[in-house]
Amino acid sequence: MRHFISIADLTREDALAVLATAEHMAQTQSRSIRKLPTLVGTTVVNLFFEDSTRTRISFEAAAKRLSADVINFSAKGSSISKGESLKDTALTLQAMGADAVVVRSASSGAAHLLAHSGWIDQPIINAGDGAHEHPTQAMLDAFTMRRHLRPEDPSADLAGAHVVIVGDVLHSRVARSNVLLLTLLGARVTLVAPPALVPVGASAWPCEISYDLDAALATGPDAVMMLRVQSERMVGGGFFPTAGEYSRRYGLSAARAQTLPDHAIVMHPGPMNRGFEIDGSVADSPRSVIVEQVASGVFVRMAVLYHLLATDAREAPRDH
Ligand code: NCD
């Protein structure tokens, strides 16, 4: 792996290798001294053109636990056209000696553009590009699922698991990356959304699509992933009649959560709209792994940085 841009670039073996490294990283994080010397002397730049709390902090924590230096570059609010600003920023980062760039942008394809533009030679990690992909989020979700659904085997895939992903699929890079990764790992995925929040073309994705949450939950899924309703991307409105109507039909209420099998877990990438797409009591219930997802994020991002930057991991590099 030279970059980490899209789950679509990964083989099943690549994905399992990152998960295995993340498992190893998790073990190191229960020691009294959690900092590893692996990336001492390297500089990781967090280039965020879009708001983020947990993803940026998670990448920062992951890089620091591996002893890398971190520069946070928050480029939000720039009025320069995206292509120009991205190019100038890349040239600046290259000149400053960045060894890897973690990029989040509202533009789909921004990370791919940086990686293949020739403006910068270093590994690029996609921390979310528009409604396209969020590959490290999908990896942390798979990592968390595997720990709960396959606790006896830390090297297992997710063959046979059924995951229901619910909500604003249209604007969700999390849903897209998860569909690709979960199916790569052998799981079955059902997307549930109001018709206006299903992307054109989703019928070609390797998953089922339903407009009926109760029917999807009645199949007894192993995991239910709720998506945030991304109101900031709904310019013009009209995606659903009212917030109350959305909640009634697509929200994970306490009553709905009670219909799930005992072993089923509830997930959300955050930030949550409590009381809208998920009831607060469900988010705080024993079957919720939402806080654990945040912890998994650090292990997975340590693993990705390790695969891209550690000299011992790069001895036999494979270019995607
Ligand atoms: C997601 C994102 O930014 O794509 N959040 C995250 O990374 N934890 C989902 C969202 O914003 O709803």
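Residues numbered from 1 in each chain as written. Predicted model: local features only at pLDDT ≥ 70, side-chain atom pairs only at ≥ 80, totals over all residues. Heavy atoms only, no water.

1. Here we look at the site of the ligand
(1) Moving on: Arg54, Thr55, Arg104, His134, Gln137, Arg173, Val174, Arg228, Gln230, Pro269, Gly270 and Pro271 make up every residue found near the ligand.
(2) Moving on: Side-chain polar atom of Arg173 to an oxygen atom of the ligand: 2.7 Å apart, as the coordinates give it.
(3) Moving on: Between Pro269 and the ligand, the recorded distance is 3.0 Å, taken from a backbone N or O atom to a nitrogen atom.
(4) Moving on: Calculation on the ligand without its partners gives an accessible area of 310 Å², and the protein chains cover 95% of this total.
(5) Moving on: Put simply, the ligand lies in the largest pocket.
(6) Moving on: Across the shell around the ligand, the residue classes tally to three nonpolar, five polar and four charged.
(7) Moving on: Three or more residues apiece are contributed to the shell around the ligand by two domains, here domain 1 (7–132 + 294–309) and domain 2 (135–292). (Near = heavy atom within 4 Å. Polar contact = N/O pair within 3.5 Å; in protein donor to acceptor, adjacent residues only side chain to side chain. Areas by Shrake-Rupley, 256 points an atom, 1.4 Å probe, with all protein chains shown as cover. 1 Å grid on protein atoms, 1.4 Å probe; cavity = no way out; pocket = protein on both sides within 12 Å on 5 of 7 lines; lining within 4 Å. Sits in = over half its atoms within 2 Å of the grid points. Nonpolar A, V, L, I, M, F, W, Y, C, P; charged D, E, K, R; others polar. Domains from an automatic or database assignment.)

2. Overview of the pattern of salt bridges
(1) Moving on: Throughout the structure, instances matching the rule amount to 12 salt bridges.
(2) Moving on: For Glu245, the salt bridge is made with Arg248, and the minimal N-O distance between the two is 3.4 Å. You can see Glu245 and its partner Arg248 sitting in helix H8 (residues 243–250), three residues apart, about one turn around the helix.
(3) Moving on: The partner of Arg274 in a salt bridge is Asp284, and the shortest N-O contact between them spans 2.9 Å. Taken together, the positions of Arg274 in the loop between strand S9 (265–267) and helix H10 (280–283) and Asp284 in the loop between H10 and helix H11 (290–309) put the pair 10 residues apart, joining distant regions of the chain.
(4) Moving on: Judged by its relative accessible area of 55%, Asp284 is exposed.
(5) Moving on: Through salt bridges with shared partners, one network takes in Arg12, Glu13 and Asp157. (Salt bridge = Lys/Arg side-chain N within 4 Å of Asp/Glu carboxyl O. Helix = DSSP H or I, 4+ residues; strand = E, 2+ residues; numbered from the N terminus. Buried < 20%, exposed > 50% of the residue type's maximum accessible area, 1.4 Å probe, protein only.)

3. Looking at the packing of aromatic side chains
(1) Moving on: Under the defined criterion, the tally for this structure stands at five aromatic pairs.
(2) Moving on: Measuring from centroid to centroid gives 4.8 Å for Phe240 and Tyr246, while their planes differ by 45°, and the two rings are tilted. Here Phe240 matches Tyr246 in class, with each residue buried.
(3) Moving on: Each ring, one from Phe240 and one from Phe276, has its centre 6.3 Å from the other, and the planes form 70°; the classification is edge-to-face. Of this pair, Phe240 sits in the loop between strand S8 (223–226) and H8 while Phe276 sits in the loop between S9 and H10, placing them 36 residues apart in sequence. Across the pair, Phe276 and Phe240 agree in class, each one buried. (Phe/Tyr/Trp six-rings, centres within 6.5 Å; stacked < 30°, edge-to-face > 60°.)

4. Let's talk about the packing of helix H1 (residues 12–28) against helix H5 (residues 135–149)
(1) Moving on: Viewed as axis vectors pointing N to C, H1 and H5 meet at an angle of 70°, and their least axial separation amounts to 10 Å. Viewed along their axes, H1 and H5 adopt a mutual orientation that is roughly perpendicular. Where H1 crosses over H5, the two elements pack in a sense that is right-handed. Residue-level inspection shows Ala15, Leu16, Val18, Leu19, Ala20, Ala22, Glu23, Ala26 and Gln27 of H1 in contact with H5, the latter providing Met139, Phe143, Arg146 and Arg147.
(2) Moving on: A class-by-class count of the residues in the contact of H1 with H5 yields nine nonpolar, one polar and three charged. (Axes fitted to C-alpha atoms, helices over the stretch in contact; angles between N-to-C directions. Parallel < 35°, antiparallel > 145°, perpendicular 65-115°, else oblique. Left-handed = near helix turned anticlockwise from the far one by under 90°. Contact = heavy atoms within 4.5 Å.)

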